[in-house]
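Results of the structural survey
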Amino acid sequence: MRATDALFSHEMRPRISVGYVGMYDDRPGHPSHPLVPATWLEYAAGDGSIVSTPADMAAYARMLLNRGLVQGSRRVLTEEGFTLLTQRVVKSGDNAWYGYGMGTSQRDGRLLLSHAGGMVGYSSMLMVDPEAGVAAIVMVNGPGDASSVARFAVDVTRAAIRKEPLPAVPSPDDRTRVPNAANYVGDYRLPSSLTRAAGQAD
């Protein structure tokens, strides 16, 4: 993985695709809204600073499919290391857990490995189905649901390999509707102390 770095730096900016965000920050996003370049910033913390390429991420996915082996026989992770990477440490949702940097979940009776990434103007998802020998990497440089796309890609490929009926294409979310909108109905008022502070700032 020679084209992968663990930081966003000014020096590497020319080789990174431009990240985009919705132009409006005062309303829910909608596909009809224009996009603008996202704010650029250097970043080196561990929660969103990996810069990589599809080829490098494919190599990483192959390593996961082979439980730590690369190029057929060279081991970069021991079996113990792979088990630690994919263990269930913290429950993160229904049938979902997080281990040492890798998410695991049970879906339709099978194990899935996953890891999401995000930065201002970017999102990504790696999803691996070890039983089927299938992985998907989705890298988005703007608004989008990388997780759903990766999940659908894995499901379609798995079905095609097994010569099973392909899953239906999911319907796009209606972004003009708010789930459980009734939960937000009410009378909202700014506390008087904040009102005074806002008036002083003016």
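Residues numbered from 1 in each chain as written. Predicted model: local features only at pLDDT ≥ 70, side-chain atom pairs only at ≥ 80, totals over all residues. Heavy atoms only, no water.

1. A look at the overall build of the protein
Scanning the protein from terminus to terminus reveals 4 helices and 10 strands. Taken over C-alpha atoms, the radius of gyration comes to 21 Å for the protein, far larger than the 17 Å a tight globule of 202 residues would show. Per-residue burial over the protein gives 26% buried out of 202 residues. In the protein, the proportion of contacts linking residues at least 24 apart, taken out of those at least 6 apart, comes to 41%. Total accessible area on the protein is roughly 13700 Å²; 55% of this is exposed by carbon and sulfur atoms. (Helix = DSSP H or I, 4+ residues; strand = E, 2+ residues; numbered from the N terminus. Rg over C-alpha atoms; globule rule 2.2 N^0.38 Å. Buried < 20%, exposed > 50% of the residue type's maximum accessible area, 1.4 Å probe, protein only. Contact = heavy atoms within 4.5 Å. Areas by Shrake-Rupley, 256 points an atom, 1.4 Å probe, with all protein chains shown as cover.)

2. Thoughts on the sheet that holds strand β7 (residues 103-107)
Here we have 6 strands laid out as an open sheet, ordered β5-β6-β7-β8-β9-β10, and antiparallel in their pairing. Among the strands making up the open sheet, the edge pair consists of β5 (90-93) and β10 (134-140). Neighbour-to-neighbour, the strand axes of the sheet open up by a mean angle of 25 degrees, direction not taken into account. Taken together, the 3 bridges between strand β6 (residues 96-98) and β7 define a ladder with antiparallel strand orientation. Its bridge partner being in β7, Y98 is matched across the sheet by G103. Each of β9 (122-129) and β10 is contacted by helix α1 (residues 54-65), which is oriented at about 150 degrees to β10, the strand it contacts most. Contacts from helix α3 (residues 146-161) reach β7, β8 (110-119), β9 and β10 within the one sheet, and its direction differs from that of β10 by about 150 degrees. (Pairing = 2+ DSSP bridges. Axes fitted to C-alpha atoms, helices over the stretch in contact; angles between N-to-C directions.)

3. Overview of unusual backbone geometry
The phi torsion at N95 lies on the positive side, around 55 degrees, for a residue other than glycine. On the secondary structure map, N95 appears in the loop between β5 and β6. By relative accessible area, which is 44% here, N95 ends up partly exposed. For N180, which is not glycine, the phi torsion reads 55 degrees and is therefore positive. Here N180 shows up in the loop between α3 and α4 (192-201). Owing to a relative accessible area of 56%, N180 belongs among the exposed residues under this scheme.

Function-wise, these values are silent; they only describe arrangement.
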